[in-house]
Every structure is written in C-alpha cells, then in structure tokens.
Amino acid sequence: MNRTHQAGITCFNFNAKDQNYFVTGSYDENLRLWDVRKLGPRSGPLDEIGLGGGVWRAKHHYDTQLIACACMHYKYQVVEVVDFSTLSKFSLLNSMNWE
C-alpha cells in the first residue's frame, strides 16, 4: 500500500458501514479508497483523488458515503464515493488560515 503513495501516509480510516473498505490520506495530496479483500503484492487502490495539499485527516460519515477531509494547503474537502468512484468534491471553507 505504501508504494502507491508518493509520500508518507498521514491517515487511515475504515468505512463506518462496511469494514471491507478504507481510505488512506498522504502528504502526496491524494485520498485513496481500498478494499481489504483485494489487497496483495500487486494490488492498488480502487480509486484515488487529488485534494490539493497533503491530506491530514479523513473520516467517513456513518450514514452516507461522504468522507470529510482536512488538507494542508487546500482547505477542507468533502468527497462522495459511490460504486468505488469519486463523484464529487467541494470546498467547505475558503482557508484553514483564520487571519
């Protein structure tokens, strides 16, 4: 899994409804979706999306397929995952810097 990321992994979070799926965030600015049943020496993520800045934290919402992400340089992001593909992302705040 770490070979897929181009920098250090910063977060790891299982899907709240189905523990077969999890996401990883990294300093390489990408959020990746994984299936534990498909992990192996030559496996890769089911999907990935660039979020603009290292992904500090990622947290699945319990009732939906939404993932809240805190990113280093590009604000907070919400990613929606349906059928293993990222459908949308949008910014919640203009900046993490409150100055």
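Predicted model, so just to flag it, every value in this text is computed and none were measured.

## Quick notes on the sheet that holds strand E4 (residues 47-50)
Reasoning step 1: Ordered by their spatial adjacency, four strands build an open sheet running E1-E2-E3-E4, and the pairing between neighbours is antiparallel. With one partner strand each, in any of the chains shown, strand E1 (9-14) and E4 form the two edges of the open sheet. Strand-to-strand, the axes of this sheet are offset by a mean angle of 15 degrees, without reference to chain direction.
Reasoning step 2: Pairing between E1 and strand E2 (residues 21-26): five bridges, direction antiparallel. Residue pairing in the sheet places cysteine 11 in a bridge with glycine 25 of E2.

## Considerations on the pattern of salt bridges
Reasoning step 1: For the coordinates displayed, the defined rule picks out three salt bridges.
Reasoning step 2: Across the pair arginine 32 and glutamate 48 runs a salt bridge, and its minimum N-O distance is 3.4 Å. Of this pair, arginine 32 sits in strand E3 (residues 30-35) while glutamate 48 is found in strand E4, placing the two residues 16 residues apart along the sequence.
Reasoning step 3: For arginine 32, a relative accessible area of 3% translates into the label buried.
Reasoning step 4: One salt bridge in this structure joins aspartate 35 and arginine 37, with 3.0 Å as the shortest N-O distance.
Reasoning step 5: Owing to a relative accessible area of 5%, aspartate 35 belongs among the buried residues under this scheme.
Reasoning step 6: Taken together, the salt bridges that share partners define one network made up of Asp28, Arg32 and Glu48.

Conventions used here
Just so you know, the residues in each chain are numbered from 1, in the order the chain's sequence is written. Local features in a predicted model are, by the rule used here, given only for residues with pLDDT of at least 70; side-chain atom pairs are given and counted only at 80 or more, and totals for whole chains, interfaces and linings are based on all residues. In computing side-chain properties, one takes all heavy atoms of the structure into account and sets aside hydrogens as well as water. At least two DSSP bridges between two strands are required for those strands to pair. Going along the chain from the N terminus, every DSSP run of H or I of four or more residues is numbered as a helix, and every run of E of two or more is numbered as a strand. Helix axes use the C-alpha atoms of the stretch in contact, all axes being lines fitted to C-alpha atoms, and the angles between their N-to-C directions lie in the range 0 to 180 degrees. We define a salt bridge as a side-chain nitrogen of Lys or Arg found within 4 Å of a carboxyl oxygen belonging to Asp or Glu. Three labels apply to residues, based on accessible area from a 1.4 Å probe with only protein chains included: buried if under 20% of the type maximum, exposed if over 50%, partly exposed otherwise in between.

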